2 protein chains.
Amino acid sequence: MNYPSKLIEDAVNEIAKLPGIGKKSALRLALHLLKSEKTQTHNLSNSLINLVEKTTYCVACHNISDAEICQICGSHRRDSSILAVVQDSKDVLAIENTSQFQGKYHVLGGIISPIQGIGPQDLNIESLLLRIQSNPEIKEIILALSPTMEGDTTAFYIRKKLKDLSVKISTIARGIPIGGDLEYTDEITLGRSILSRVEF
Amino acid sequence: MNYPSKLIEDAVNEIAKLPGIGKKSALRLALHLLKSEKTQTHNLSNSLINLVEKTTYCVACHNISDAEICQICGSHRRDSSILAVVQDSKDVLAIENTSQFQGKYHVLGGIISPIQGIGPQDLNIESLLLRIQSNPEIKEIILALSPTMEGDTTAFYIRKKLKDLSVKISTIARGIPIGGDLEYTDEITLGRSILSRVEF
Ligand SMILES: [Zn+2]
Ligand SMILES: [Zn+2]
């Protein structure tokens, strides 16, 4: 593609590095920013820089956080006896938006996937064990993983690892379509699947 | 939506101001940047700031440009006897990518649209007249506007304005589907419609 300006070309190339955005969409976005107030671009730019420079991860649950301990782990209103184990921060957001879960979380930071070369040692599984062992108030672990082959593999691995600890292990009910992606599940289905969770 | 971090929330809100990007996509993009190398976000951010702060418009054709006179207007290889009149810079790019047009452009900066309150005085029409009057080498004007009601209205208005000048006026052939958007037209169709342009 020929661009009228090197500045446009640079911007299009950078925008098109984002997932799901092709060169045509990137060009449309660049031209939109050019037509808009400059403050919009400055605000966007600042928010992205702040995001990557200042965001940290909760030392307890590994969720994205503004501080060492995230808002959920630090809240006295949350039930410390129950942990939902999820693949990543997107899943915490999806479950929070159901308003059906009052416990806390443990974010694995991924899922076991031999094809992508992701093994148990790449995930926050060891820290889950340590967290349960050093917090006797934890009574139940809900494995809230997507019902895919990778999700099932990860669930079985964690169940095996936790079998000698005195915690109840459950999984979210399969109201979620098999093969579906947890984060795309509508809030009602996802909320119900947490309420009707089954022992694992 | 509840966000785990104010930083994420700010970034999602800013990204979601872009056209065609909802909150869910914005969140996906924000989390993607968080997972990627920080340099990617810095490069993206810099390219956007440079874009809005340094981009200028060609004083001759009003196309986006890095300099006072754009690459096309400044090129000795382009045919100065023929001008394609287009709605905006996206259309210049679309036509350039057909490689079927060797003339120069005139970018209106919009289209007459009573519903959106855009009248002839809001567009670069007066400067088109002045450009033709002061450049006797201009022999033909191609009205390369989308075949929509607004495009037709604008074409008729310009034809009326130019009727006393000794330039030939043509429009691109209606190989483009009626009601279609010029910038979404495939390169072959758009290229042919320029070659088989008709007097207007
Ligand atoms: Zn936490
Ligand atoms: Zn120019």
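Not measured: the values here are computed from a predicted model. (Residues numbered from 1 in each chain as written. Chains lettered and ligands numbered in written order. Predicted model: local features only at pLDDT ≥ 70, side-chain atom pairs only at ≥ 80, totals over all residues. Heavy atoms only, no water.)

**Student:** Would you mind going over the coordination of the zinc ion (ligand 1) with me for this structure?
**Tutor:** Where a metal carries four tetrahedral donors, each ideal angle is 109.5 degrees; where it carries six octahedral donors, the ideal angles are 90 or 180 degrees. All names here are of chain A. Donor atoms from the polypeptide that coordinate the zinc ion (ligand 1) comprise Cys58 (SG), Cys61 (SG), Cys70 (SG) and Cys73 (SG), at 2.3 Å from the metal. Each of the four donor atoms bound to the zinc ion (ligand 1) contributes to angles spanning 105 to 117 degrees, and the resulting shape is tetrahedral. Counting along the primary sequence, the residues that act as donors to the zinc ion (ligand 1) give the motif C-x2-C-x8-C-x2-C. Note on accessibility: Cys58 and Cys61 belong to one class, buried. (Donors = N, O, S within 2.8 Å, 3.2 Å for Na, K, Ca; no water. Tetrahedral: all angles 85-135°; square planar, octahedral: opposite > 155°, others 65-115°. Buried < 20%, exposed > 50% of the residue type's maximum accessible area, 1.4 Å probe, protein only.)

**Student:** Sorry if this is basic, but what is going on with the interface of chain B and chain A here?
**Tutor:** Frequently, the measure chosen for interface size is the accessible area removed from exposure when the parts meet. If you look at the interface, chain B gives 55 residues, while chain A gives 55 residues. Here Glu53(B) makes a salt bridge to Lys38(A), at a shortest N to O gap of 3.6 Å. Counting only elements with at least two residues in the side of chain B that touches chain A, the list comes to helix H1 (6-15), helix H2 (23-35), helix H3 (38-54), strand E2 (64-65) and helix H4 (89-96) of chain B. The element that contributes the greatest number of residues to the side of chain B that touches chain A is H3(B), accounting for 15 residues. Taken together, the residues of the side of chain B that touches chain A break down into 25 nonpolar, 15 polar and 15 charged. (Contact = heavy atoms within 4.5 Å. Salt bridge = Lys/Arg side-chain N within 4 Å of Asp/Glu carboxyl O. Helix = DSSP H or I, 4+ residues; strand = E, 2+ residues; numbered from the N terminus. Nonpolar A, V, L, I, M, F, W, Y, C, P; charged D, E, K, R; others polar.)

**Student:** I tried to follow the coordination of the zinc ion (ligand 2) on my own but got confused; where do I start?
**Tutor:** All names here are of chain B. Within the protein, the zinc ion (ligand 2) binds to Cys58 (SG), Cys61 (SG), Cys70 (SG) and Cys73 (SG); these donor distances fall in the range 2.3 Å. Geometry at the zinc ion (ligand 2) is tetrahedral, judged from its four donor atoms and the angles of 106 to 116 degrees they form at the metal. Within one chain, the residues serving as donors to the zinc ion (ligand 2) are arranged as C-x2-C-x8-C-x2-C.

**Student:** Is there a simple way to explain empty space enclosed by the protein in this structure?
**Tutor:** The method is simple in principle: a probe with the dimensions of a water molecule rolls over the atoms, and the space it marks as empty is what remains. Under the criterion given, the structure shown has two cavities of 30 Å³ or more. Computed from the structure, the largest cavity encloses a volume of approximately 120 Å³. Surrounding the largest cavity, 14 residues form its lining, Leu18(A), Leu44(A), Leu48(A), Leu18(B) and Leu44(B) being those nearest its centre. Counting residues per element, the ones that place at least two in the lining of the largest cavity are helix H2 (23-35) and helix H3 (38-54) of chain A together with H2 and H3 of chain B. (1 Å grid on protein atoms, 1.4 Å probe; cavity = no way out; pocket = protein on both sides within 12 Å on 5 of 7 lines; lining within 4 Å. Points joined across faces, edges and corners; volume = space filled by probe spheres on them.)

**Student:** Looking at this structure, I do not really get the nonpolar core. What am I missing?
**Tutor:** Nonpolar side chains tend to gather and get buried jointly when the protein is soluble and globular. Core analysis: the largest hydrophobic core is formed by 42 residues, its most contacted members being Ile8(A), Ile15(A), Ile21(A), Ile8(B), Ile15(B) and Ile21(B). Broken down by secondary-structure element, the contributors of at least two residues to this core are helix H1 (6-15), H2 and H3 of chain A together with H1, H2 and H3 of chain B. Non-local contacts of Ile21(B), meaning those with residues more than four positions away in its chain, are made with Ile21(A), Leu29(A), Ile15(B), Ala16(B), Ala26(B) and Leu29(B). (Core = buried A, V, L, I, M, F, W, Y, C linked by side-chain atoms within 4.5 Å.)

**Student:** Could you clarify how one ought to interpret the pattern of salt bridges in this entry?
**Tutor:** Oppositely charged side chains may form a pair once their charged atoms are brought near each other. Residue and element names in this part refer to chain B. A full pass over the atoms with the stated rule returns nine salt bridges over all chains. Note that Lys6 and Asp10 form a salt bridge whose closest N and O atoms lie 2.8 Å from each other. With Lys6 and Asp10 both in helix H1 and four residues apart, the pair spans about one turn of that helix. A salt bridge links Arg78 to Glu96; the nearest nitrogen and oxygen atoms lie 2.8 Å apart. Here Arg78 is found in the loop between E2 and strand E3 (82-86), whereas its partner Glu96 is found in helix H4, with 18 residues between them in sequence. For Glu96, a relative accessible area of 13% translates into the label buried.

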